[in-house]
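# Results of the structural survey
Residue-level listing of the chains:
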Amino acid sequence: MKKILSISLILSLFLAFTPLADASHSWGPYHWARKINPFTLKLGDNVSSSWDAYLAAASADWTGSSVLDTTIVAGNNTRNCKPTLGRIEVCNKTYGNNGWLGLAQIWINSSNHITRGITKVNDTYFNNAPYNTPAWKQFVMCQEIGHNFGLDHQDEDFYNPNLGSCMDYTNNPAGNGTSTPNNLHPNAHDFAQLEAIYAHLDGSTTVGASAVPRNYNPSSGEERAEWGKALRQDGRRRNSVFEKDLGKGSKVITHVFWVE
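Below: a short report on this structure. Please read these numbers as outputs of a predicted model, since none were measured by experiment. (Residues numbered from 1 in each chain as written. Predicted model: local features only at pLDDT ≥ 70, side-chain atom pairs only at ≥ 80, totals over all residues. Heavy atoms only, no water.)

## Considering the overall build of the protein
This is how the line gets drawn: Put simply, DSSP H or I for four residues or longer makes a helix, DSSP E for two residues or longer makes a strand, and each gets a number counted from the N terminus. The classification of residues rests on relative accessible area computed with a 1.4 Å probe and restricted to protein chains. Under 20% of the type maximum is buried, over 50% is exposed, and intermediate values are partly exposed. In this description, contact between two residues means that some pair of their heavy atoms is separated by no more than 4.5 Å.
A count of helical and extended segments in the protein gives five helices and nine strands. Tracing the protein from N to C terminus, the helices and strands come up as α-β-β-α-β-β-β-β-α-α-α-β-β-β. Put simply, the protein has 260 residues, and 50% of those count as buried. Contacts in the protein between residues at least 24 apart in sequence constitute 71% of all its contacts with a sequence separation of at least 6.

## Some thoughts on the state of the cysteines
Which entries qualify depends on this criterion: When two cysteine sulfur atoms are found within 2.5 Å, that pair is recorded as a disulfide.
Scanning the model with the defined rule gives two disulfides in all. Each sulfur in the disulfide pair Cys81 and Cys91 lies 1.9 Å from the other. Taking the torsion about the sulfur-sulfur bond, which here is approximately 85 degrees, the covalent link between Cys81 and Cys91 counts as right-handed. Residue Cys81 is located in the loop between strand S3 (68-74) and strand S4 (88-93), and its partner Cys91 is located in strand S4; the two are separated by 10 residues in the primary sequence. Considered together, Cys81 and Cys91 belong to a single accessibility category, that of buried residues. The connectivity of the disulfide-linked cysteines in the protein, indexed sequentially, is 1-2, 3-4.

## A word on the packing of helix H2 (residues 49-62) against helix H4 (residues 134-148)
Selection rule: Interaxial angles span 0 to 180 degrees and are taken between N-to-C directions of axes, which are lines fitted to C-alpha atoms, for helices over the stretch in contact. Any angle that is under 35 degrees is reported as roughly parallel, and any over 145 degrees as roughly antiparallel; angles of 65 to 115 degrees are reported as roughly perpendicular and all others as oblique. For any helix crossing, the convention is left-handed if the near helix is rotated counterclockwise from the far helix by under a right angle, and right-handed if that rotation is clockwise. Any residue outside Ala, Val, Leu, Ile, Met, Phe, Trp, Tyr, Cys, Pro, Asp, Glu, Lys and Arg is labelled polar, Gly included; the first ten of those are nonpolar and the last four are charged.
Running from N to C, H2 and H4 point in directions that differ by 50 degrees, and their axes come no closer than 9 Å. It follows from the interaxial angle that H2 and H4 lie oblique. Crossing angle aside, the handedness with which H2 passes H4 is right-handed. Of the residues in H4, those touching H2 at Trp51, Ala53, Tyr54, Leu55, Ala57, Ala58 and Trp62 are Pro134, Lys137, Gln138, Met141, Cys142, Ile145 and Gly146. The residue inventory of the contact of H2 with H4, partitioned by class, reads 11 nonpolar, two polar and one charged.

## Structural notes on the packing of aromatic side chains
The line we're drawing: Between the rings of Phe, Tyr and Trp (Trp by its six-membered ring), a pair exists once the centres lie within 6.5 Å; its type follows the angle of the planes, with under 30 degrees stacked, over 60 edge-to-face, and the other angles tilted.
Tallied over the full model, the rule gives 15 aromatic pairs. A ring pair is formed by Trp62 and Phe149, whose centres lie 5.5 Å apart and whose planes are at 80 degrees; its orientation type is edge-to-face. Taken together, the residues Trp62 in helix H2 and Phe149 in the loop between H4 and helix H5 (188-197) connect sequence positions 87 residues apart. Trp62 sits in the buried class, given a relative accessible area of 0%. For Phe149, a relative accessible area of 0% translates into the label buried. With centroids separated by 6.5 Å and ring planes inclined at 80 degrees, the aromatic side chains of Phe158 and Phe257 adopt a geometry described as edge-to-face. Linking Phe158 in the loop between H4 and H5 with Phe257 in strand S9 (residues 250-258), this pair joins segments that are 99 residues apart in sequence.

## Quick notes on H5
Note the threshold: Taking the helix axis as origin, the arc is that swept by the directions to the C-beta atoms. Each polar contact in these results corresponds to two N or O atoms within 3.5 Å; when the atoms are within protein, one needs to be able to donate a hydrogen and the other to accept it, and residues that are neighboring in sequence are counted only if both atoms are side-chain atoms.
Buried within H5 are the following residues: Asp190, Phe191, Gln193, Leu194 and Ile197. Buried residues in H5, looked at end-on, bunch into an arc of 160 degrees, giving them a common side. Those residues of H5 that are exposed and angled more than 90 degrees off the buried face are Ala188 and Ala196. As for H5, its buried residues are in contact with strand S1 (31-32), H2 and S3. With a side-chain oxygen positioned 3.1 Å from the backbone nitrogen of His189, the residue opening H5 is Asn187.

## Observations regarding the pattern of salt bridges
Put simply, the test is: What makes a salt bridge here is a side-chain nitrogen of Lys or Arg within 4 Å of a carboxyl oxygen of Asp or Glu, nothing more.
Tallying each qualifying case throughout the model produces six salt bridges. Across the pair Arg87 and Glu89 runs a salt bridge whose closest N-O atoms are separated by 2.8 Å. Owing to a relative accessible area of 11%, Arg87 belongs among the buried residues under this scheme. Note that Lys251 is salt-bridged to Glu243, the shortest N-O span being 3.8 Å.

Below you can see the structure in the form of structure tokens.
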């Protein structure tokens, strides 16, 4: 009996002091409609040469999922990063001192299917310390593209130990070698969550769609007034998830990564 109690006590103490990832880290019921797994999402390359390596690394990382692959194609709009049906556009630009480091948006139809997505990284901050490092660039690029699949964060406390996932908020994305893992890539929990999100198949597809819906009303997405109502706050109590109603069951969900 004493041995059993001792084991239980040790386990309780381990759980109390071990950071746990959120058991489910999806935005909600949002996912790309598709008829087969794995399916392939195109990433429109609207980034400058200084970002190409980070986009390529993120694409390779997420293609490690068993349910989806990504492929990099030429972007459609390098200046305004307008959304394209059936794919994700990835852009960088000096968007200004607006407070956000990275931005991910997904357009949702009345069936909760993602129809298009955008990832933006703000060079106004990435051109300067402390964000002008390979670790910060890879971390944010990986995370924003992950949001475009329907993933949320595993953890939103910037001061918790790193979980080894780009879907985990941190002040130290590079980590410290063996003692603290880096947060530059997806981990097994991210891939498991993608498998849960895409466990069922759909009777139609929004991947590579070509028809423009009647209520298609894209915006630049760079200003807070365009994001709609706030739905949730991050670990620092800043509004970080927004929803804009486009009518007829369609909406835009915006996820904001704020600077410190």
